[in-house]
Amino acid sequence: MTNTIDIEEPNASPMIIDEERNEDDGQPAEIATEETAQEAERDETTSQDTAEKGNETPPTVAIVPPEQKDEPATPIHAPKESDENELMNKAVKSEEEAHRLYCEYGHKMGFSVRKGKQYYYVGTKNICTKDYYCSKEGVRDGDKLTDADYKDPHTRTNCKAMVRFRVDEEGSWRVVHMVKEHNHPLVKPEERHLLRSARSHTAGRQRLIDLMTSPLFQAINYGSSPSYSVQQPTQQEVKQIVKSVFIEGSESQSLVNVFKTKGNEDGMFFWDVQLDQGGRMCNFFWRDGRSRIDYDSFGDVVVFDTSLRLNKYNMICAPFIGVNHHWQNIMFGCALLLDDKVESFAWLFRSFLESMGGCAPKSIFTDQNLNLAKAIEEVLPNTRHRIYQRYIHKNLMPRLGSLNLNDSKAFHKMFNKCLHGCDSETELEETWSTMLKEFKLQDHKWLNNLYKMRAKWCTALNKDAYDGGIEWDQRTEAMNNVLDGITDKAGPLEKCVLSVDKLMEDWREKEYEEDLHNAQKPIVCAIRHSDMLNHAAKEYTYKIYKLFELEFLDGCGATFFKETPLGGTLYRFECTNQGRGSKSYTVMLETSEPVQVSCDCKKFETMGILCSHSLKAMSVKNVREIPQRYILKRWSKSARKRNYSLMQYDESEGGSETAHVSKVMRHAYDLVLKSQGHPELRELVWSALEGGEQALDKFGEITNLQAHSLAIR
């Protein structure tokens, strides 16, 4: 039997009027047929007629609905006793507050809420009791429940969890009956903001929101008198709307003050604020000067993470994350967004671009968000939009239910092959079709929708796009729970910002430690006298060298090849990795200077280091060093050096005066950063600046003398 909590109610007449609303957060969950509507109308009329035929008008007494019969169920989750007591002892004044109370409780526990039956005082339309259900209450006609259904948040599983409010004669709503246990898993804390009743609860108050953004409400705010009238919300409703929709002005101002202080301390600090239609601050973006310098070196690939929610406003904390030359996380900036509308994302991307001098990344990785996709298409049309496979795996778990158990290894193997194991679109199509057929998933809506977006997540379809190895297993592990270092997730906005900045400083400290490690400890090569490995150790950072070394050893020690001369110094190699099936890759190698090599696995094009197949071919033809064109500066020890040359400025930015000023300022800022904490380096910076000033003065004097001489002539 399912455990319940009841508060004793007085006996009452069995005569009832009931009305069932099959709703999910205020929206119809099922379409009522004409017959059911007529039946409900007949029941209501019959009950009222019965009351009228009595000798006197029926007294206004509470009608107790019949208790629901418990059906066999396996209780999976129950709330803590403290949570039960808080709900049971709470009194509210309206139906909306009662609904909100259970929705808030459901959000805290991890389930969504639907409105249920309500019963009336006899002879009136005054509500006596009202039920609210877990959104998985009931079951669709003809549905046969499977293990997957219990894990799918969108499928009803006949869950019995519910709460019943009773309305007394004074209009107070109190909980009198509660079923605690659910027959399905509850949503994890980090995903509860996605619950429908959490996201859509304000939809039931849309009239109030519309009213508050109407000319009348604006007139009230600014003291003018409108020429028309509308229904006014109650004071309690206004307070609730303001609290849930708008950020308090004092808190917004405190955050702006933090940005101003940072701007005074950091001459290259950038921040921006978006205002809503009422002139209120709603979205924020900021980045410091160091992030701008980092972007110059490593801004080719960006991961935009919107998974974290902060503060009492449940704001989206959205950092722009990149990868440095040590394959560590770095942050290019961060945003706090009040919603996930297309307009908010588009504003943010424009602000980000402005802060980075209009330079867009080559690739951006996000989650499966349609609004995000629209904003990227609008603001970043030349950036390759990719769906991060880590987010796909995260969504896969609750969507496929029983397939996530230990017996689903075969499914996961095929699914992972579709993500990053196929080499062509044809192979992807065949693997995907086989997977759906083998596991009888041809009609699975989520998988079918995912396949429509395959161009954004399948590596086989993105071999022409650089991604910096973001999708490699080692990088995916580094990106897991990347924002766990933020300690103050519920405090005021300014403390959230300071927590993000503290995390960013921790990352920079780790980069500094890795720089010291690379400078003080020489890399030991697996093959001590290999010219190729020694050259790689000289050029690459330790982490990237180890990735290169693995490819080199794999190519030279575990790869079969077939060489075909094509005339002159051009060769074709067919390379097959040992122990990994019969998959073969074609390498084209030109050995004359400058040496050129290409492989159809496209690892260099996507990751920026040579693959095992190319290294095998080069080793066979006695190419002893890595051709310079195949050493990406962003992976080298000198990734942060000499990024602001005059030649680079002329070539990349067209020689405009604005671009010149921006580049020189960033160069000077970078030198200042490098000299921090070192008195000797500070003296060198000042000496260089003074020397530059003297050279400019001397040039000016010479120019003035020449101009004067020409004037005399």
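Residues numbered from 1 in each chain as written. Predicted model: local features only at pLDDT ≥ 70, side-chain atom pairs only at ≥ 80, totals over all residues. Heavy atoms only, no water.

Per an unreviewed UniProt entry, the recorded name for the protein chain is Protein FAR1-RELATED SEQUENCE 5, and the organism is Rhynchospora pubera.

## Regarding the environment of Glu539
With respect to the secondary-structure elements, Glu539 resides in helix H19 (residues 531–539). Between the alpha carbons of Glu539 and Ile631 there is a distance of 7.9 Å; along the sequence they are 92 residues apart. When neighbours within four sequence positions are excluded, Glu539 is seen to be in contact with Gln628, Ile631, Ser636 and Lys637. (Helix = DSSP H or I, 4+ residues; strand = E, 2+ residues; numbered from the N terminus. Contact = heavy atoms within 4.5 Å.)

## Examining the pairing of strand S12 (residues 301–304)
In S12, alternate side chains face the same way, and those of Val301 and Val303 on one face and Val302 and Phe304 on the other are all buried. Sheet analysis places S12 next to strand S16 (residues 363–366), joined by three bridges and oriented parallel. Looking across to S16, one finds that Val302 is bridged to Ile364. Pairing of S12 with strand S14 (residues 315–323), which is carried by two bridges, proceeds in the antiparallel orientation. Of the residues in S14, the one forming a bridge with Val303 is Ile321. (Buried < 20%, exposed > 50% of the residue type's maximum accessible area, 1.4 Å probe, protein only. Pairing = 2+ DSSP bridges.)

## As for the sheet that holds strand S19 (residues 570–577)
Reading across from one edge, S18-S19-S20-S21 is the order of the four strands in this open sheet, with antiparallel pairing throughout. The open sheet has two edge strands, strand S18 (559–565) and strand S21 (596–599), and neither has a second partner. Between one strand and the next, the sheet's axes are offset by a mean angle of 20°, whatever the strand orientation. Of the pairings in the sheet, the one linking strand S20 (residues 584–590) to S21 comprises four bridges and is antiparallel in character. Within the sheet, the bridge partner assigned to Leu589 lies in S21 and is Val597. In the packing of helix H22 (residues 612–620) onto the sheet, the strands contacted are S18, S19, S20 and S21, and the crossing angle to S20 comes to about 45°. (Axes fitted to C-alpha atoms, helices over the stretch in contact; angles between N-to-C directions.)

## Quick look at the packing of helix H14 (residues 409–420) against helix H15 (residues 425–438)
Packing of H14 against H15 brings their axes to within 9 Å, and their N-to-C directions diverge by 155°. Of the possible angle classes, the one that applies to H14 and H15 is roughly antiparallel. For the element pair H14 and H15, the recorded crossing hand is left-handed. Only Glu427, Leu428, Thr431, Trp432, Thr434, Met435 and Glu438 of H15 make contact with H14, whose side of the interface consists of Phe411, Met414, Phe415, Lys417 and Cys418. Looking at side-chain class alone, the contact of H14 with H15 contains seven nonpolar, two polar and three charged residues. (Parallel < 35°, antiparallel > 145°, perpendicular 65-115°, else oblique. Left-handed = near helix turned anticlockwise from the far one by under 90°. Nonpolar A, V, L, I, M, F, W, Y, C, P; charged D, E, K, R; others polar.)

## Describing the packing of aromatic side chains
Going through the model one piece at a time under the given rule, you end up with 28 aromatic pairs. Aromatic side chains Phe304 and Phe349 sit 5.3 Å apart centroid to centroid with 65° between the ring planes, which places their arrangement in the edge-to-face category. Highlighted residues: Phe304 in strand S12 and Phe349 in helix H11 (residues 342–355), separated in sequence by 45 residues. Residues Phe304 and Phe349 agree in their burial class; the two are buried. Judged by centre distance (5.9 Å) and plane angle (65°), the rings of Phe365 and Tyr388 are edge-to-face. Of this pair, Phe365 sits in strand S16 while Tyr388 sits in the loop between strand S17 (384–387) and helix H13 (389–400), and the two are 23 residues apart along the sequence. An identical accessibility class is assigned to Phe365 and Tyr388; each is buried. Through successive ring pairs, a cluster of aromatic residues spans Phe270, Phe285, Tyr295, Phe304, Phe320, Phe332, Phe345, Phe349 and Phe352. A cation over a ring is seen here: Lys362 above Tyr466, with NZ or CZ 5.5 Å from the ring centre. Over the ring of Tyr451 we find Arg454, and its NZ or CZ is 4.2 Å from the ring centre. (Phe/Tyr/Trp six-rings, centres within 6.5 Å; stacked < 30°, edge-to-face > 60°. Lys NZ or Arg CZ within 6 Å of the ring centre and 35° of its normal.)

## Concerning the nonpolar core
Ranked by size, the top nonpolar core spans 69 residues in total, and within it Phe284, Leu336, Tyr540, Phe548, Ile626 and Trp635 carry the most contacts. In terms of residue count, helix H18 (residues 493–520) provides more of this core than any other element does, seven residues in total. Apart from residues lying up to four places away in sequence, Trp635 is in contact with Val323, Asn324, His325, Trp327, Tyr466, Gly468, Tyr540, Thr541, Ile544, Met607, Gly608 and Ile609. Counting 29 residues, the second largest nonpolar core, distinct from the first, contains Tyr295, Ile330, Val342 and Leu380. (Core = buried A, V, L, I, M, F, W, Y, C linked by side-chain atoms within 4.5 Å.)

## What to know about the packing of H19 against helix H20 (residues 542–557)
For the pair H19 and H20, the least separation of the axes is 9 Å and the interaxial angle reads 165°. The angle between H19 and H20 falls in the class roughly antiparallel. For the element pair H19 and H20, the recorded crossing hand is right-handed. Across from Met532, Leu533, Ala536 and Ala537 in H19, the residues of H20 making contact are Tyr545, Phe548, Glu549 and Phe552. Within the contact of H19 with H20, the residues separate by chemical class into seven nonpolar, no polar and one charged.

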